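A look at the structure
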Amino acid sequence: ALVRVSFPLRRDDGTIEVIRGYRAQHSHHRLPCKGGIRYSGEVDLQEVEALAALMTYKCSVVDVPFGGAKGGVAINPKDYSVHELELITRRYAMELKKYGFIGPGVDVPAPDMGTGAREMSWIKDTYTMLYGMDDVNSSGCVTGKPLSQGGIAGRTEATGLGVFYGTRDFMYMEDEVRKLGMEPGLHGKRIIVQGFGNVG
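Residues numbered from 1 in each chain as written. Predicted model: local features only at pLDDT ≥ 70, side-chain atom pairs only at ≥ 80, totals over all residues. Heavy atoms only, no water.

1. Description of the overall build of the protein chain
Secondary structure assignment for the protein chain yields five helices and five strands. When the helices and strands of the protein chain are listed from N to C terminus, the series reads β-β-β-α-β-α-β-α-α-α. Summarising its shape, the C-alpha atoms of the protein chain cover approximately 60 × 35 × 35 Å along the three principal directions. Across the 200 residues in the protein chain, those meeting the buried criterion constitute 40%. Taking as baseline every contact in the protein chain between residues at least 6 positions apart, the subset at least 24 positions apart corresponds to 66%. (Helix = DSSP H or I, 4+ residues; strand = E, 2+ residues; numbered from the N terminus. Buried < 20%, exposed > 50% of the residue type's maximum accessible area, 1.4 Å probe, protein only. Contact = heavy atoms within 4.5 Å.)

Here it is, written out as structure tokens:
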């Protein structure tokens, strides 16, 4: 399932701009659907569909009981004020709810490229303010919230730590490491870090 939304934004200078957003749910075999929301000028329907499929596969490989989803808003967040980003985020959350693409047990977004705990707190606030009276679990409409909004300590660094522990453990699997023409262990090894996100 997928939804494509567009809505007007009155910018701080008084001009009107049409904002486009997307959300794709790749698999409903396990619920809720789970996947990030990204803000990037490169976001389009095909990208969120492909990333939603990857989320399904990632969850399946490690037997996490979620379906895959992904969303995005086609903006460069650096081009907008904090006030404008808040308006965009809150309206995007309302549009997702209108089409049944957000909610605990249904579809639970998370931060991705260009978004973070701040945007998740705006989404959570919008969702609970408008729909919380009907849903005792409304705070669970997103993950990646700040600690003060019900977030979990260690979430930001969790992915990078997972990569570290996985790499460390792999490097001590003698047979596998030797197949790659390397000696087991980490001593004397060099690594390359690609990207500037939470993992990098």
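2. Some words on the nonpolar core
Membership of the largest hydrophobic core comes to 23 residues, with the highest contact counts inside it found for Ile-19, Ile-75 and Ile-88. Contributions of two or more residues to this core are made by β1 (2-10), β3 (33-39), α2 (82-98) and α3 (117-131). With five residues, α2 is the largest single contributor of residues to this core. The contact partners of Ile-19, leaving out residues within four places of it in the chain, are Val-5, Ser-6, Phe-7, Leu-9, Val-73, Ile-75, Tyr-80 and Ile-88. If you look at the next biggest cluster of nonpolar residues, it comprises six residues, including Ala-24, Val-43, Val-48 and Ala-52. (Core = buried A, V, L, I, M, F, W, Y, C linked by side-chain atoms within 4.5 Å.)

3. So, the pairing of β3
Judged by how many residues are buried, β3 sits mostly within the fold: seven of seven residues are covered. When β3 meets strand β4 (residues 67-73), the two strands line up parallel, connected through five bridges. Across the sheet, the residue bridging to Ile-37 is Gly-71, located in β4. The parallel pair β3 and β4 is bridged by helix α1 (residues 45-61), and the resulting crossover is right-handed. Sheet topology places β3 next to strand β5 (residues 107-111); five bridges connect them, and they run parallel. Bridging across to β5, Gly-36 finds its partner in Ala-110. (Pairing = 2+ DSSP bridges. Right-handed = clockwise from strand over helix to strand, strands pointing away.)

4. Details of a nonpolar patch on the surface
On the surface, a cluster of nonpolar side chains totalling about 250 Å² of accessible area is made up of Met-94, Met-129 and Leu-130. Topologically, Met-94 is positioned in helix α2. The exposure class of Met-94 is partly exposed, given its relative accessible area of 31%. (Patch = residues over 30% accessible without salt bridge, like charges linked within 9 Å, V, L, I, M, F, W, Y side chains within 5 Å. Areas by Shrake-Rupley, 256 points an atom, 1.4 Å probe, with all protein chains shown as cover. Salt bridge = Lys/Arg side-chain N within 4 Å of Asp/Glu carboxyl O.)

5. Section: the sheet that holds strand β2 (residues 16-25)
As summarised here, the arrangement of the five strands in space is β1-β2-β4-β3-β5, forming an open sheet in which the pairing is mixed. Single-partner strands in this sheet number two, and they are β1 and β5. Within the sheet, the average angular offset between the axes of one strand and its neighbour, ignoring direction, is 20 degrees. Where β1 and β2 come together, nine bridges link them in antiparallel fashion. Directly across from Pro-8, in β2, lies its bridge partner Val-18. The strands touched by α2 are β1, β2, β3 and β4; relative to β1, the strand with the most contacts, the crossing angle is about 145 degrees. (Axes fitted to C-alpha atoms, helices over the stretch in contact; angles between N-to-C directions.)

6. Considering the side chain of Thr-89
Along the chain, Thr-89 falls in helix α2. Taking relative accessible area as the criterion, Thr-89 reaches 0% and is therefore assigned buried. Side chain to side chain, Thr-89 and Tyr-39 meet in a polar contact 2.7 Å long. (Polar contact = N/O pair within 3.5 Å; in protein donor to acceptor, adjacent residues only side chain to side chain.)

7. Re unusual backbone geometry
One non-glycine residue, Asp-63, lies in positive phi territory at about 55 degrees. Checked against the element boundaries, Asp-63 lands in the loop between α1 and β4. The class of Asp-63 is exposed, set by a relative accessible area of 52%.

8. Some details on the environment of Cys-59
Counting through the fold element by element, Cys-59 comes out in helix α1. Taking the C-alpha atoms as reference, Cys-59 lies 8.8 Å from Lys-34; in sequence the two are 25 residues apart. Dropping the residues within four chain positions of it, Cys-59 is found in contact with Val-64 and Phe-66.

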